[in-house]
Amino acid sequence: MSMKVQTRQVDGITILDLSGRITLGEGSVTIRDAVRDVLAKGSNKILLNLAEISYIDSSGIGELVSAFTTVKNAGGELKLLNLTKKVHDLLQITKLYTVFDVKDDEASAISSFSK
Amino acid sequence: MADSTTSRVSYTLDSSLDSVNKIEQTAEVSAQRAGFDEDTVSHVAMAVREAAVNAVLHGNSYDPNKHITASFETTPESLIVRVTDQGPGLNPDTLPDPLAPENILRGSGRGIFLIKAFMDEVHFRQLHPGTELTLIKYRTPAQPGT
């Protein structure tokens with residue numbers, strides 16, 4: 001199953017609803033292109049909703065990290081929303097859980113972005 | 001019910017992402033048949049996928065003239081997976097620590113770390129050319145049905 005992205009705007013924040021697998025190849029490229037498109041359109045406050053991500057491998061983790069640093073270097077913020085247990089555990093093991101700003105409620109996530 | 005007999009299956013595959021997916025799926029089925037719980041099945045499948053990615057991407061560099069092999073052996077004690085490539089060889093001692101502060105924001109370099117995190121034993125063997133990774137997950141303490 002490949003990865004799909006749906007984009008929506010809430011209070012100036014771009015939310016990317018991701019579903020499927022973030023793995024080497026298609027999934028990683030899809031997320032990279034999606035973040036790049038958001039930045040190109042002038043938005044740099046991005047919330048990645050991972051609720052429907054069933055699987056992520058080391059390449060996918062790397063892609064999340066790259067997205068995080070790309071957005072940060074562009075002067076923006078990238079946060080993660082609704083981690084599944086698998087993704088949560090992987091971020092814990094790789095010590096990335098404290099690197100990312102992880103939220104489990106969309107409304108509070110939206111309000112946490114700097115205005 | 002877990003299968004307590006010894007079984008072995010092996011594949012020779014192209015250096016492609018399709019091969020990675022096939023190996024991952026075979027690992028998942030093998031781990032299920034070995035009687036591991038759901039989380040362990042997931043961990044084994046991920047570790048084996050990472051080994052296959054390593055072989056295809058870093059070992060063979062997607063070279064269509066090179067192949068990878070994957071073997072799955074289930075013994076009463078363990079699930080043993082071996083993945084080989086025909087690449088230049090991998091020295092695990094030279095890999096940077098992905099947890100080190102200077103590496104934590106790198107976009108790659110976590111595959112071998114995850115393999116070691118999820119398996120009970122990981123062995124590297126140089127094949128000249130190529131590398132063989134052996135991944136072992138113990139079935140003991142006894143899984144239900146063994």
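About the thresholds
- Residues numbered from 1 in each chain as written.
- Chains lettered and ligands numbered in written order.
- Predicted model: local features only at pLDDT ≥ 70, side-chain atom pairs only at ≥ 80, totals over all residues.
- Heavy atoms only, no water.
- Helix = DSSP H or I, 4+ residues; strand = E, 2+ residues; numbered from the N terminus.
- Rg over C-alpha atoms; globule rule 2.2 N^0.38 Å.
- Buried < 20%, exposed > 50% of the residue type's maximum accessible area, 1.4 Å probe, protein only.
- Contact = heavy atoms within 4.5 Å.
- Areas by Shrake-Rupley, 256 points an atom, 1.4 Å probe, with all protein chains shown as cover.
- Pairing = 2+ DSSP bridges.
- Axes fitted to C-alpha atoms, helices over the stretch in contact; angles between N-to-C directions.
- Salt bridge = Lys/Arg side-chain N within 4 Å of Asp/Glu carboxyl O.

Draft legend 1. Layout of the overall build of chain B. Along the backbone of chain B there are three helices and five strands. Written out in order from the N terminus, the α and β elements of chain B read β-α-α-β-β-α-β-β. Its C-alpha atoms give chain B a radius of gyration of 15 Å, near enough to 15 Å, the size a compact globule of 146 residues would have. Oriented by its inertia axes, the alpha-carbon framework of chain B measures out at about 45 × 40 × 25 Å. Out of the 146 residues belonging to chain B, those deemed buried represent 49%. For chain B, long-range pairs separated by at least 24 residues make up 66% of all intrachain contacts whose partners lie at least 6 apart in sequence. Just so you have it, chain B exposes about 7200 Å², and 49% of that area is on carbon and sulfur atoms.

Draft legend 2. Here's a closer look at the sheet that holds strand β4 (residues 77-81) of chain A. All names here are of chain A. Read from one edge to the other, the open sheet built from five strands follows the order β1-β2-β3-β4-β5, with strand pairing classed as mixed. What marks the edges here is a single partner per strand, and that holds for β1 (4-10) and β5 (101-103). Neighbour-to-neighbour, the strand axes of this sheet turn through a mean angle of 25°, independent of strand direction. With three bridges joining them, β4 and β5 adopt parallel strand pairing. Paired with K79 across the strands is D101, a residue of β5. Packing against the sheet, helix α2 (residues 58-73) makes contact with β2 (13-22), β3 (45-56) and β4, and its axis sits at approximately 180° to β3.

Draft legend 3. Structural detail: the pattern of salt bridges. Going through the model one piece at a time under the given rule, you end up with 15 salt bridges over all chains. Across the pair A:D89 and A:K85 runs a salt bridge, and its minimum N-O distance is 2.8 Å. Placement of the pair is A:D89 and A:K85 together in helix α3 (residues 85-93), with a separation of four residues, close to one helical turn. Judged by its relative accessible area of 26%, A:D89 falls in the partly exposed class. In this structure A:K85 comes out as exposed when scored by relative accessible area, which is 53%. With a shortest N-O distance of 3.8 Å, B:D120 and B:K137 are connected by a salt bridge. Of this pair, B:D120 sits in the loop between α3 (111-118) and β4 (121-126) while B:K137 sits in strand β5 (residues 131-138), placing them 17 residues apart in sequence. Residue B:D120 is classed as partly exposed on the basis of its relative accessible area, which comes to 37%. For B:K137, a relative accessible area of 14% translates into the label buried. If you follow the salt bridges from partner to partner, you end up with A:R21, A:D57, B:E24 and B:R49 in one network.

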